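Residue-level structural notes
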Amino acid sequence: RWLPVLRRQCDIANKRLSGTSLANEGRVLRAVLYAYHSRLLRHRSYLAMQQVEQCLKRLWKMNLVGSLETLAELIPKKNTSQAHVECLVPSQPVLETVALKVLGGCKLILRLLDCCCKAFLLSVKHLCSEEYILMNTVALGLLSRLWIQYRCVLQSLTSLYGTLSTSLHLVSATQQMPYIKGFIFPSDISNFLGVDISSDLKKQKARMLTTKKTTSWLKKLFPTMPKAVLEVGKKRRFATCMSAVRKHSIPCPTDIGELVL
């Protein structure tokens with residue numbers, strides 16, 4: 001019963017991790033850091049963005065996508081499992097390796113989200129001080145998109161670990177083949193991470209939404225539009241978002257530049 005669920009959750013997490021949008025955001029972040037390296041080497045918001053880049057590098061070096069692909073290939077397809085009473089399942093060493101990588105990936109993504117939140121707040125602070133307007137404006141949009149996208153990745157990985165934990169318990173009860181010794185896999189991932197994921201993400205989101213508003217000079221750069229034009233724009237954005245949601249197989253929040261209720 002748990003094999004199709006495990007395969008589906010592996011595919012969802014794999015697609016979110018290997019999406020083109022995440023790769024594009026990482027390239028934009030590296031380009032911004034490279035362009036402002038000589039001028040902002042000791043700048044606080046620049047250093048905070050460097051920490052975000054370090055988290056992205058470590059997450060890429062983990063090769064979590066490759067491990068999830070390997071696990072998904074070892075799980076028999078639905079037709080095969082229905083045609084035979086007995087079928088091959090992933091072994092305990094494979095499940096332990098993937099579960100350990102998922103735990104490490106969740107820990108690293110939590111650190112990444114915290115760095116994105118800190119860099120976002122510092123960029124808003126320097127933007128209010130009218131320092132490096134272009135770089136900080138780009139950084140705000142970039143960091144908010146990274147936070148939203150990796151929040152979706154974290155949610156998919158936490159749900160995947162719940163199924164992995166159940167699978168590991170069933171396989172180890174059938175045939176004991178321990179591979180990772182000296183470590184007890186937690187049944188609840190929140191105990192391992194040390195925080196309640198949902199409440200921690202809500203706190204970070206509240207901090208980013210309740211930051212100090214930008215000064216009046218920013219309104220001159222982006223003047224307010226008439227109310228009728230705003231209503232037409234909202235209707236068009238809503239229609240575009242609905243069509244995009246219908247096309248996507250994986251539901252994921254979309255960063256359209258304003259608060260989505």
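Just above, that's the structure.
First, a word on scope: everything that follows refers to the structure included in this document. (Residues numbered from 1 in each chain as written. Predicted model: local features only at pLDDT ≥ 70, side-chain atom pairs only at ≥ 80, totals over all residues. Heavy atoms only, no water.)

1. So, the packing of helix 2 (residues 20–35) against helix 3 (residues 44–61)
Where helix 2 contacts helix 3, the two axes come as close as 10 Å, and the packing angle between them is 140°. The pairing of helix 2 with helix 3 is recorded here as oblique in orientation. Crossing handedness for the pair helix 2 and helix 3: left-handed. In this structure, helix 2 uses Gly26, Leu29, Arg30, Val32 and Leu33 to contact helix 3, whose residues at the interface are Tyr46, Met49, Gln50, Val52, Glu53 and Leu56. The residue inventory of the contact of helix 2 with helix 3, partitioned by class, reads seven nonpolar, two polar and two charged. (Axes fitted to C-alpha atoms, helices over the stretch in contact; angles between N-to-C directions. Helix = DSSP H or I, 4+ residues; strand = E, 2+ residues; numbered from the N terminus. Parallel < 35°, antiparallel > 145°, perpendicular 65-115°, else oblique. Left-handed = near helix turned anticlockwise from the far one by under 90°. Contact = heavy atoms within 4.5 Å. Nonpolar A, V, L, I, M, F, W, Y, C, P; charged D, E, K, R; others polar.)

2. Thoughts on helix 3
Here helix 3 spans 26 Å end to end across 18 residues, near enough to the 26 Å set by a 1.5 Å rise per residue. Those residues of helix 3 not exposed but buried are Ser45, Tyr46, Ala48, Met49, Val52, Glu53, Cys55, Leu56 and Leu59. Among the residues trailing helix 3, Asn63 stands out with phi positive, at a value near 55°. (Expected span 1.5 Å × (residues − 1). Buried < 20%, exposed > 50% of the residue type's maximum accessible area, 1.4 Å probe, protein only.)

3. Focus: the side chain of Glu53
Within the secondary structure, Glu53 is located in helix 3. One buried charged residue, Glu53, forms no salt bridge at all, with the nearest opposite charge on Lys57 at 4.0 Å. The residues contacting Glu53, other than those within four sequence positions of it, are Leu29, Arg30 and Leu33. (Lys, Arg positive; Asp, Glu negative; His and termini not counted. Salt bridge = Lys/Arg side-chain N within 4 Å of Asp/Glu carboxyl O.)

4. Topic: the side chain of Ser156
By the element assignment, Ser156 lies in helix 7 (residues 133–174). For Ser156, a relative accessible area of 6% gives the class buried. In this structure Ser156 touches Ile12, Ala13 and Arg16, once residues within four positions along its chain are discounted.

5. Examining the environment of Leu146
Take Leu146: it is sitting in helix 7. Under the relative-accessibility criterion, Leu146 is labelled buried at 0%. For the pair Leu146 and Leu29, spaced 117 residues apart in sequence, the C-alpha to C-alpha distance is 9.8 Å. Each residue touching Leu146, except ones within four places of it in the same chain, is listed here: Glu25, Leu29, Val52 and Cys116.

6. Structural notes on a positive patch on the surface
On the surface, Arg27, Arg30, Lys57, Arg58 and Lys61 cluster together into a patch of positive charge. Those elements that provide at least two residues to the positive patch are helix 2 and helix 3. Among the elements that line the positive patch, the one with the most residues is helix 3, at three residues. Its location among the elements puts Arg27 in helix 2. Judged by relative accessible area, which is 48%, Arg27 ranks as partly exposed. (Patch = residues over 30% accessible without salt bridge, like charges linked within 9 Å, V, L, I, M, F, W, Y side chains within 5 Å. Areas by Shrake-Rupley, 256 points an atom, 1.4 Å probe, with all protein chains shown as cover. Charge placed at Lys NZ, Arg CZ, Asp CG, Glu CD.)

7. Description of the pattern of salt bridges
Within the structure shown, the criterion is met by three salt bridges. Among the ionic pairs, Arg145 bridges to Glu25, the shortest N-O distance being 2.9 Å. Separated by 120 residues along the polypeptide, Arg145 in helix 7 and Glu25 in helix 2 bring together distant segments of the chain. For Arg145, a relative accessible area of 28% corresponds to the partly exposed category. Here Glu25 falls in the buried class, since its relative accessible area comes to 9%. The residue Arg111 makes a salt bridge to Asp114 at a minimum N-O spacing of 3.9 Å. Remark: Asp114 and Arg111 occur in helix 6 (residues 92–128); sequence separation between them is three residues, near one turn of the helix. Arg111 gets classed as partly exposed once you look at its relative accessible area, which sits at 38%. A network of salt bridges, in which partner residues are shared, links Arg111, Asp114 and Lys118.

The values are spatial; any link to function lies outside them.
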